[in-house]
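Structural overview for review
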Amino acid sequence: MKTTFLEFEQPIAELEARIEELRFVQDDSAVDISEEIERLEKKSQSLTKDIYAKLTPWQIAQVARHPQRPYTLDYVSHIFSEFEELHGDRAYADDQAIVGGMARFNGQSVMVIGHQKGRDTKEKILRNFGMPRPEGYRKALRLMRLAEKYGLPVLTFIDTPGAYPGIGAEERGQSEAIGRNLMVLTELKVPVVCTVIGEGGSGGALAIAVGDVLLMMQYSTYSVISPEGCASILWKSAEKAPEAAEVMGITAARLKSLGLVDRIVSEPLGGAHREPRVAAMSLKRVLQESLRQLADLTPSELVERRFERLMAYGRYKEQAVG
Amino acid sequence: MSWLQKLLPPRIKRAEGTRKSVPEGLWRKCAACEAVLYATDLEGNQNVCPKCGHHHRLRARVRLDLLLDAEGRFDIGGEVMPVDPLKFKDSRRYPERLNQAAEDTGETDALVVMQGSIKTVPVVAAAFDFDFMGGSMGSVVGERFVRGVRCALEQSLPFLCITATGGARMQEGLFSLMQMAKTTAAITRLAEQKLPFITVLTDPTMGGVSASFAMLGDVVIAEPGALVGFAGPRVIEQTVREKLPDGFQRAEFLLEKGAVDMIVDRRELRDKLASLLTLLLRIPAA
């Protein structure tokens, strides 16, 4: 598949186009140009390295939303050896913006739950651009309970612009569905490891992101509101999104330094979409380590530890009341 | 209000109300029926319009004052104060906004928690102050909420929360989002101890507060006409590109959709809470 380049990657795109051209003429060419191609490839690599070494938060948000970025089912196909997808919330519908089911992780049974975006127009609509409705969260809830019943660790993959802001979603209790998941995840008696793989959009992300370990892919983002949303409220213009992205602290590196994220999973040069399998393998290693660390805890230790983790969130000062 | 004023039709009253010679703050116009009301009449009626019954917003301390018995109440978590973890700045710096809000409201953040009693039933009650940065939930709101819950747990008391909020506080970024998980986690402990948790949703209750503990009360009460929802009406309208139905996301709509247990007039709320609590706690009728 041909790589799609983002706006700030245009210099790389130009180089890659030239390489492509040269490759095309190489076969009929009398002179050997393979050296030239190799030289340009090296240049493209070092250019990518330079550009990616100083990405702004807004640029990282673009990588996180890259149209070719690996989605939950891509990671599932690389990381797990079996996947039995389960459907439906047993009350209303099967929301395809969230996928889930049992899978085998290095031989061990686990439960997988993740947001799912679509690749082409048709699938994007089917997946509702990765924006779940209440039935999606209720499907996730059903799978969490099922995992708990059979003692399966839960691995969640977060990648959503947010919960869907629609009329039907409100009618069917979007708020309650998200809140309920937060409550149930707090008490779930099996290990829960959460990974932000793309966009971690607000409450719609959090609804499957409360757990014992929070991981973020290197170029993923996680925020209380989208940079565009924040900008249109505070700056009264969505065009100020780059500024908003800067101040909100949405990148893996910033959130790690704030103590909100446990580990960052490194991505291949140029982002996970350049080499999805490599990205998946590095995530697999970290998931394995995370599960191993949690394996020795009893269910009650696990829940207690998770509770204390949740209670520790927040920054404030204490001052005698005058 | 004199008998003459009561007899006068609203239009004439309005003209009277806008006359420059009238001292500011003496008159208030009802946001719903546009009747011009004598401010003390409105306040004396718990900020409910005597003409049309519209529930105007209440400040947190006024709310608690109306709900709790006068005797033996005290603040919880007032020592928890906001900081600026992200060094957040838009057109103004976050600390400036905090100072401004504190100056305007006399509060230090958007949640006031008190221990007290409702018609002699001891409770811990938390009330959001919408006037403090839109009642937004950041680290301080979350921590005060948790301290309130802890206080309830230690003394085996029910916990009430009256919400009035736009949602999570953007200026604290992901710390704010995590308060959703933190507050919701805290109420699981109330459930374990079988201590009642009751929420009263007032206008407005949106976003991160709505999508965390607000809809999870053992009993969920809404005030008449309160706007309650996950996404704001404007965002929804922009997304679905159609006009929203009348009364969408209002308390009455939520009752119809099965999202809340009841709608209670503010003037009856204290009695209603007392009766709900005594039933849940199996306290014999007085």
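1. As for the overall build of chain A
A tally of helices and strands in chain A yields 14 helices and nine strands. Expected size for 322 residues packed as a compact globule is a radius of gyration near 20 Å; at 21 Å, chain A falls within 12% of this value. With the C-alpha coordinates aligned to their principal axes, the bounding extent of chain A is approximately 75 × 55 × 40 Å. When each of the 322 residues of chain A is scored for burial, the buried share is 54%. Here the contacts in chain A between residues at least 6 apart in sequence split such that 71% fall between residues at least 24 apart. About 14200 Å² of surface is accessible on chain A, with carbon and sulfur atoms providing 50% of the total. Each charge class in chain A was averaged separately, 41 positive and 45 negative side chains, and the resulting centres sit 4 Å apart.

2. Section: the interface of chain B and chain A
Many structure descriptions define interface size as the accessible area lost when the parts assemble. Taken together, the contact between chain B and chain A spans 57 residues of the former and 48 residues of the latter. When the buried surface of chain B facing chain A is broken down by residue, Met170, Leu174 and Phe230 of chain B rank first, second and third, together holding 14% of it. Counting the contacts that link chain B with chain A gives three salt bridges. In this structure, the salt-bridge partner of lysine 257 of chain B is glutamate 171 of chain A, at a minimum N-O distance of 3.9 Å. Remark: the boundary between chain B and chain A carries 16 residue pairs in polar contact (both at pLDDT 80 or more). Among the elements of the structure, strand 4 (80–82), helix 6 (139–154), helix 7 (173–192), helix 9 (233–240) and helix 10 (251–257) of chain B are those that each provide at least two residues to the side of chain B that touches chain A. It is helix 7 of chain B that contributes the most residues to the side of chain B that touches chain A, 17 residues altogether. Of the residues assigned to the side of chain B that touches chain A, the class counts are 32 nonpolar, 13 polar and 12 charged.

3. Overview of the environment of valine 210 of chain A
Relative to the assigned elements, valine 210 of chain A resides in the loop between helix 9 (202–206) and strand 6 (213–217). On the accessibility criterion, valine 210 of chain A (2% relative accessible area) is buried. Note: C-alpha distance between valine 210 of chain A and leucine 185 of chain A (25 residues apart in sequence) is 6.0 Å. Each residue touching valine 210 of chain A, except ones within four places of it in the same chain, is listed here: Leu182, Leu185, Thr186, Val192, Cys194 and Leu310 of chain A together with Ala181 of chain B.

4. Some thoughts on unusual backbone geometry
Residues and elements named next belong to chain B. Residue proline 204 follows aspartate 203 across a cis peptide bond; omega there is -10°. Assignment of secondary structure puts proline 204 in strand 8 (residues 197–206). The phi dihedral of glutamine 46 is positive, around 55°, even though this residue is not glycine. By the secondary structure assignment, glutamine 46 is in the loop between helix 3 (39–44) and helix 4 (60–67). Phi at arginine 282 is positive, roughly 55°, even though this residue is not glycine. If you trace the backbone, arginine 282 turns up in the segment after helix 11 (266–280).

5. Details of the packing of aromatic side chains
Residue and element names in this part refer to chain B. One pass over the full model with this rule turns up 11 aromatic pairs over all chains. Pairing phenylalanine 128 with phenylalanine 213 gives two aromatic rings, centres 6.4 Å apart and planes at 20°, and the pair type is stacked. With phenylalanine 128 in strand 6 (residues 121–128) and phenylalanine 213 in the loop between helix 8 (207–210) and strand 9 (219–222), the pair connects residues that are 85 residues apart, well separated along the chain. Judged by its relative accessible area of 2%, phenylalanine 128 is buried. For phenylalanine 213, a relative accessible area of 0% translates into the label buried. Pairing phenylalanine 145 with phenylalanine 159 gives two aromatic rings, centres 5.1 Å apart and planes at 80°, and the pair type is edge-to-face. Of this pair, phenylalanine 145 sits in helix 6 while phenylalanine 159 sits in strand 7 (residues 159–165), and the two are 14 residues apart along the sequence. Grouped by ring-pair contacts, the aromatic residues Phe128, Phe145, Phe159, Phe197 and Phe213 constitute a single cluster.

Reading the values: rules and limits
Residues numbered from 1 in each chain as written. Chains lettered and ligands numbered in written order. Predicted model: local features only at pLDDT ≥ 70, side-chain atom pairs only at ≥ 80, totals over all residues. Heavy atoms only, no water. Helix = DSSP H or I, 4+ residues; strand = E, 2+ residues; numbered from the N terminus. Rg over C-alpha atoms; globule rule 2.2 N^0.38 Å. Buried < 20%, exposed > 50% of the residue type's maximum accessible area, 1.4 Å probe, protein only. Contact = heavy atoms within 4.5 Å. Areas by Shrake-Rupley, 256 points an atom, 1.4 Å probe, with all protein chains shown as cover. Lys, Arg positive; Asp, Glu negative; His and termini not counted. Charge placed at Lys NZ, Arg CZ, Asp CG, Glu CD. Buried area = accessible area lost by both parts, 1.4 Å probe. Salt bridge = Lys/Arg side-chain N within 4 Å of Asp/Glu carboxyl O. Polar contact = N/O pair within 3.5 Å; in protein donor to acceptor, adjacent residues only side chain to side chain. Nonpolar A, V, L, I, M, F, W, Y, C, P; charged D, E, K, R; others polar. Phe/Tyr/Trp six-rings, centres within 6.5 Å; stacked < 30°, edge-to-face > 60°.

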